[in-house]
Amino acid sequence: MTRAARLLQLVDALRRHRFPVSGATLAAKLGVSLRTLYRDIASLQAQGAPVEGEAGIGYVLRPGFMLPPLMFTEDEIEALALGSRWVAGQPDARLAEAAGHALARIAAVLPAELRLSLQTSGLLAPATAAKTVDDEAQLPALRQAIRQEQVLLIHYTDLNDSVSTRAIWPFALGFFAQVRVLAAWCELRQGFRHFRADRITAIEPTGRRYPTRRQVLMQRWREQEAIPTPPA
């Protein structure tokens with residue numbers, strides 16, 4: 001574990017205690033010697049963290065202390081690297097590019113040792129998602145409608161090649177290995193429906209915002225529906 005990650009864990013451990021906690025208890029939680037623990041406490045105090053107390057009495061972190069931005073543990077660094085690589089393998093080109101930009105911004109402000117961990121992470125995510133021109137073209141518009149809680153008019157071709165026009169309230173987009181699946185409230189069916197993105201042949205914005213907040217729709221969907229398997 002890097003020293004930066006250990007200091008972050010120490011802050012987290014102090015934050016969980018409202019009353020002074022002994023150095024021995026903290027050292028045991030972090031898996032370090034008491035001497036190392038005392039050095040880390042001194043380092044936090046030197047960096048401005050409001051850690052109060054002393055050896056033999058205990059330590060407490062004053063309420064209201066905020067962690068410095070962009071401090072991550074090694075596990076969090078690996079999660080960021082793996083997640084961005086997975087997104088980069090998806091058919092949504094704009095989302096893949098955004099993942100690369102976001103990771104570069106994070107790397108630019110990380111401490112040197114964490115930046116190296118991010119850049120050299122050995123966790124790989126193969127690009128297994130199937131890509132189709134239609135699918136890729138629709139994804140940015142679907143993501144935008146989800147963010148803005150906008151009603152969409154879509155032209156959809158089902159598995160039987162029947163074409164329909166639906167007014168929908170899109171609230172979630174699932175990225176499966178072979179297909180992308182949109183979860184939405186369908187005004188025609190008056191219920192939750194799932195639509196394969198590659199079978200949406202056209203999208204027309206309506207300019208209307210749907211009347212129920214996306215978080216509420218998501219909660220109702222989770223209560224009524226199992227996580228969908230991709231339609232064939």
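Parameters and conventions
- The residue count restarts for each chain, going from 1 along the sequence in the order it is written.
- Thresholds applied to this predicted model are a pLDDT of at least 70 for local features of residues and 80 or more for the giving and counting of side-chain atom pairs; totals over whole chains, interfaces and linings are not thresholded and use all residues.
- With hydrogens and water set aside, each side-chain value is computed from the structure's full complement of heavy atoms.
- Each patch is built from residues that are more than 30% exposed by relative accessible area and take part in no salt bridge. Like charges join if they lie within 9 Å; nonpolar side chains (Val, Leu, Ile, Met, Phe, Trp, Tyr) join within 5 Å.
- Per-residue and other accessible areas were derived by the Shrake-Rupley procedure at a 1.4 Å probe size, with only the shown protein chains allowed to occlude residues.
- Each salt bridge in this description consists of a side-chain nitrogen of Lys or Arg and a carboxyl oxygen of Asp or Glu lying within 4 Å of one another.
- Neither His nor the chain termini are counted; the positive set is Lys and Arg, and the negative set is Asp and Glu.
- Just so you know, the charge point we use is NZ for Lys, CZ for Arg, CG for Asp and CD for Glu.
- Numbering of helices and strands runs from the N terminus; a helix is a DSSP stretch of H or I covering at least four residues, while a strand is a stretch of E covering at least two.
- Two strands form a pair only when DSSP identifies at least two bridges running between them.
- The axes are straight lines fitted to the C-alpha atoms, using for helices just the contacting stretch, and the angles between their N-to-C directions are given from 0 to 180°.
- Residue contacts are defined here by distance: any two heavy atoms, one from each residue, within 4.5 Å place the two residues in contact.
- The pLDDT score gives, residue by residue, the confidence of the prediction method on a 0 to 100 scale.
- A helix is expected to span 1.5 Å for every residue after the first.
- Relative accessible area decides the class of each residue, using a 1.4 Å probe on protein chains only: under 20% of the type maximum gives buried, over 50% gives exposed, and in between gives partly exposed.
- Nonpolar core, defined: a set of buried Ala, Val, Leu, Ile, Met, Phe, Trp, Tyr and Cys residues in which side-chain atoms within 4.5 Å join the residues together.
- Each Phe, Tyr or Trp ring (for Trp, its six-membered ring) is paired with any other whose centre lies within 6.5 Å, and the angle between the two planes then decides the class: stacked below 30 degrees, edge-to-face above 60, tilted in between.

Asker: A description of a negative patch on the surface should follow, citing residues and the corresponding values.
Answerer: Side chains of E74, D75, E76, E78 and E113 sit close together on the surface and give a patch of like negative charge. Here the element with the most residues in the negative patch is helix 4 (residues 74–88); it accounts for four residues. Checked against the element boundaries, D75 lands in helix 4.

Asker: Any chance you could break down the sheet that holds strand 3 (residues 150–157) for me, citing the residues and the numbers?
Answerer: Strand order across the open sheet formed by five strands is 6-5-4-3-7, with antiparallel pairing between neighbours. Edge strands, defined here as strands with exactly one partner in the open sheet, are strand 6 (191–196) and strand 7 (200–209). For this sheet, the mean inter-axis angle between neighbouring strands, taken without regard to orientation, is 45 degrees. Pairing geometry for strand 5 (residues 180–186) and strand 6, over six bridges, is antiparallel. Considered in strand 6, the bridge of A184 is made with R193. Each of strand 4 (163–175), strand 5 and strand 6 touches helix 8 (residues 214–224); the most contacted strand, strand 4, lies at about 90 degrees to it.

Asker: Got a sec to walk through the pairing of strand 1 (residues 51–54)? Specific residues and values, please.
Answerer: Sheet topology places strand 1 next to strand 2 (residues 58–61); four bridges connect them, and they run antiparallel. In the strand pairing of strand 2, E54 is matched with G58. Remark: three residues form the turn of the hairpin made by strand 1 and strand 2, two consecutive strands paired antiparallel; G56 in that turn has positive phi of roughly 90 degrees.

Asker: Describe the confidence of the model for the chain, listing the residues and the values that go with them.
Answerer: Across the chain, the average pLDDT comes to 85, with 88% of residues at or above 70. Per-residue pLDDT, averaged within each element of the chain, yields its smallest value for helix 6 (residues 112–119) (80) and its largest for strand 3 (96).

Asker: Explain helix 5 (residues 93–109) to me, and be specific about the residues and the numbers.
Answerer: A rise of 1.5 Å per residue sets the reference length of helix 5, with its 17 residues, at 24 Å; its end C-alpha atoms lie 25 Å apart and thus fit the reference within 8%. Packed against the buried residues of helix 5 are helix 4 and helix 6.

Asker: Tell me what's going on with unusual backbone geometry, and back it up with residues and numbers.
Answerer: The phi dihedral of E149 falls on the positive side, at around 55 degrees, and the residue is not glycine. One can find E149 in the loop between helix 7 (133–148) and strand 3. Judged by its relative accessible area of 3%, E149 falls in the buried class. If you check the backbone angles, D161 has positive phi at about 65 degrees while not being a glycine.

Asker: Please provide a residue-by-residue account of the nonpolar core, values included.
Answerer: Grouped together as the largest cluster of nonpolar side chains are 16 residues, with contacts concentrated most on L10, L14, L26, L37, I41, L44 and V51. Secondary-structure elements contributing two or more residues to this core are helix 1 (3–15), helix 2 (23–30), helix 3 (34–46) and strand 2. No other element matches the five residues that helix 1 contributes to this core.

Asker: Describe in detail the environment of R220, supporting the description with residues and values.
Answerer: Along the chain, the position of R220 falls in helix 8. In this view, R220 contacts F192 and T212; residues no more than four positions away in its chain are not counted.

Asker: Report on the side chain of S121, specifying residues and quantitative values.
Answerer: Tracing the backbone through its elements, the reader meets S121 in the loop between helix 6 and helix 7. Residue class for S121 comes out buried when judged on its relative accessible area of 9%. Aside from chain neighbours lying at most four places away, what touches S121 is E78, A81 and R85.

Asker: Please set out the packing of aromatic side chains residue by residue, giving values where relevant.
Answerer: Following the criterion strictly, the structure yields eight aromatic pairs and no others. Ring geometry for W86 versus F175: centroids 6.3 Å apart, planes at 70 degrees, classification edge-to-face. Residue W86 is found in helix 4, and its partner F175 is found in strand 4; the two are separated by 89 residues along the sequence. Note on W86: relative accessible area 39%, which makes it partly exposed. Ring geometry for W169 and Y210: centres 5.8 Å apart, planes at 15 degrees, overall stacked. With W169 in strand 4 and Y210 in the loop between strand 7 and helix 8, the pair connects residues that are 41 residues apart, well separated along the chain. Comparing W169 with Y210, the two get one shared label, buried. Through a chain of ring-to-ring contacts, three or more aromatic side chains come together here, namely W169, F171, W185, F192, Y210 and W221.

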